[in-house]
Amino acid sequence: MHNTAYLAWLLDSTPAAVRAWVGEASFTASMRQELEETIQHRTDPSQAASYAQACPIPGARADEYLLRERRVQADATVLAGIHFYGLDIERPFVGVFAQSRHFTPHEVLAATQWLCEDFATFQPQAVQWWSAADRPDLRTLPGAVSDLRLVAGPIEAINRLPLAMPKETLRLIADADGASYPAYAELYARVLAANPAWKGKLQQTTEEEYIACAHAGGLYVVEVDGDYAGVIAALPDVVRGIPGWVMMEEMLDTRFRGRGLARPMQRLLLARLDTQRHRLVLGTINDANLPSLRTARGAGREEVGGWVFLPAGEPALR
């Protein structure tokens, strides 16, 4: 595999400002590790067999679930593999993890059709591409459906930005062991019931993830004027080579939404996170969740880029 070319593309498809926040040497090392670990994991026959068992497709061999290196242009290859949105076998797509160089929009469209044919056993509905914020926006291509956007920023710089605090008394109460998970699960159900359009786009944090946030010192119950209002949580992790405090959950109960509490809630969390451990805060937000994207941008985080589905001759995966 052309790991040097893939690494160069992964680095160059991350905005320079983000690389500077991490430090070029540290970011290169982190991205190289992610590349090597992804290749090792996705080319392991035992992992492919487990994946095939979890998402069985009639006629598909276990080795067809492996990551593939495919030449999609005379001078360009990609690393791509089959995926299932939400592990739903009715929603297969091809995910492009890395490219040997940048593609023009026309090359992306041509490669999309070729990859769907190459993975025809799974009848993929779309191909998922990375679209960097400082490169041509793949969301403008025919049939494109935007998925998650990656937003990030340096915590200390964000904490210095001016912010108007609400008239309500907003408090964050540390949960060190995840005992508040039952209340959070009930909150999630209420919010989803009030916003049915979010079904399939808003993912509930698992209890395991919730407890991990608690043990890392990144889980807080939110109170407004003494009443339970929601939760906010972060966990040290790496997303697309970027290490930082990754936002795992930001949820307010329906009656507290639209009152200008989200940005102050985030700021209170950032003030409590250990910046000696990680200097950045980052997270993924569905592009359809405009309120959360506005809150993230208004709170000082910048868009790194996002993942975009391009269709296999039909409307892209929704």
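Residues numbered from 1 in each chain as written. Predicted model: local features only at pLDDT ≥ 70, side-chain atom pairs only at ≥ 80, totals over all residues. Heavy atoms only, no water.

1. Details of the overall build of the protein chain
For step 1, the next point in the chain: For the protein chain, the count of helices and strands is 10 helices and 11 strands.
For step 2, the next point in the chain: Its C-alpha atoms give the protein chain a radius of gyration of 20 Å, near enough to 20 Å, the size a compact globule of 318 residues would have.
For step 3, the next point in the chain: Projecting the C-alpha coordinates of the protein chain onto the three principal axes gives extents of approximately 60 × 40 × 35 Å.
For step 4, the next point in the chain: Within the protein chain, the proportion of its 318 residues that are buried is 51%.
For step 5, the next point in the chain: Relative to all contacts within the protein chain whose residues are 6 or more apart in sequence, the contacts with residues 24 or more apart total 72%. (Helix = DSSP H or I, 4+ residues; strand = E, 2+ residues; numbered from the N terminus. Rg over C-alpha atoms; globule rule 2.2 N^0.38 Å. Buried < 20%, exposed > 50% of the residue type's maximum accessible area, 1.4 Å probe, protein only. Contact = heavy atoms within 4.5 Å.)

2. A closer look at the pairing of strand β2 (residues 76-84)
For step 1, the next point in the chain: Counting buried positions over the nine residues of β2 gives eight, a clear majority of the element.
For step 2, the next point in the chain: The hairpin formed by strand β1 (residues 68-73) and β2 contains two residues between the paired strands.
For step 3, the next point in the chain: Pairing analysis gives seven bridges linking β2 to strand β3 (residues 92-99), with the strands arranged antiparallel. Residue pairing across strands places A80 opposite V96, the latter belonging to β3. (Pairing = 2+ DSSP bridges.)

3. Observations regarding the pattern of salt bridges
For step 1, the next point in the chain: With the rule as written, the count across this model stands at 15 salt bridges.
For step 2, the next point in the chain: A salt bridge links E24 to R19, with the nearest nitrogen and oxygen atoms 3.3 Å apart.
For step 3, the next point in the chain: For R297, the salt bridge is made with E303, and the minimal N-O distance between the two is 2.4 Å.
For step 4, the next point in the chain: Salt bridges linked by common partners bring R61, D63 and E64 together as one network. (Salt bridge = Lys/Arg side-chain N within 4 Å of Asp/Glu carboxyl O.)

4. Regarding helix α1 (residues 3-12)
For step 1, the next point in the chain: Among all positions in α1, only Y6, L7, W9, L10 and L11 are buried.
For step 2, the next point in the chain: The elements touched by buried residues of α1 are α2 (16-22), α3 (24-42), β1, β2, β3 and β4 (126-132).

5. Points about the packing of aromatic side chains
For step 1, the next point in the chain: The tally for this structure, following the rule as stated, stands at 13 aromatic pairs.
For step 2, the next point in the chain: On the numbers, 5.0 Å between centres and 75° between planes, the contact of Y181 with Y210 is edge-to-face. Within this pair, whereas Y181 is found in helix α7 (residues 181-194), its partner Y210 is found in helix α8 (residues 207-215), the two being separated by 29 residues in sequence. Neither residue differs from the other here; Y181 and Y210 are each classed as buried.
For step 3, the next point in the chain: An aromatic cluster of at least three residues, connected via ring pairs, comprises Y51, Y65, F84 and F122. (Phe/Tyr/Trp six-rings, centres within 6.5 Å; stacked < 30°, edge-to-face > 60°.)

6. Focus on the packing of α1 against α3
For step 1, the next point in the chain: Axis separation between α1 and α3 bottoms out at 10 Å; the angle between their running directions is 125°. Relative to α3, the element α1 is oriented oblique. In this structure, α1 meets α3 at a crossing whose hand is right-handed. Residue-level inspection shows N3, Y6, L7, L10 and L11 of α1 in contact with α3, the latter providing F27, T28, M31, R32, L35 and I39.
For step 2, the next point in the chain: Of the residues contributing to the contact of α1 with α3, the split by class is eight nonpolar, two polar and one charged. (Axes fitted to C-alpha atoms, helices over the stretch in contact; angles between N-to-C directions. Parallel < 35°, antiparallel > 145°, perpendicular 65-115°, else oblique. Left-handed = near helix turned anticlockwise from the far one by under 90°. Nonpolar A, V, L, I, M, F, W, Y, C, P; charged D, E, K, R; others polar.)

7. A word on the sheet that holds β1
For step 1, the next point in the chain: Spatially, the 11 strands line up as an open sheet ordered β1-β2-β3-β4-β11-β5-β10-β9-β8-β7-β6, and their pairing is mixed. Two strands bound the open sheet, and with one partner strand each, they are β1 and β6 (170-174). Shown here is a sheet whose adjacent strand axes are inclined to one another by a mean of 30°, direction ignored.
For step 2, the next point in the chain: Two elements, β4 and strand β11 (residues 302-311), share seven bridges in a ladder whose sense is antiparallel. Across the sheet, V127 pairs through a bridge with L310, a residue of β11.
For step 3, the next point in the chain: In the packing of α1 onto the sheet, contacts are made with β1, β2, β3 and β4, and the angle to β3 comes to roughly 95°.
For step 4, the next point in the chain: Across the face of the sheet, helix α9 (residues 262-272) comes into contact with β6, β7 (219-224), β8 (227-239), β9 (242-252) and β10 (280-286) while running at roughly 40° to β6.

8. Thoughts on the nonpolar core
Here is a general trend for soluble globular proteins: nonpolar side chains tend to be buried in one another's company.
For step 1, the next point in the chain: Formed by 38 residues in total, the largest nonpolar core has its most connected members in L172, V222, I232 and L269.
For step 2, the next point in the chain: For this core, the elements supplying multiple residues, two or more each, are α6 (155-159), β6, α7, α8, β7, β8, β9 and α9.
For step 3, the next point in the chain: Once residues lying within four places of it in the same chain are set aside, the contact partners of L172 are Y220, V221, V222, I232, M265, L268, L269 and R272.
For step 4, the next point in the chain: Formed by 29 residues, the second largest nonpolar core is a distinct cluster that contains C55, L66, V108 and V127. (Core = buried A, V, L, I, M, F, W, Y, C linked by side-chain atoms within 4.5 Å.)

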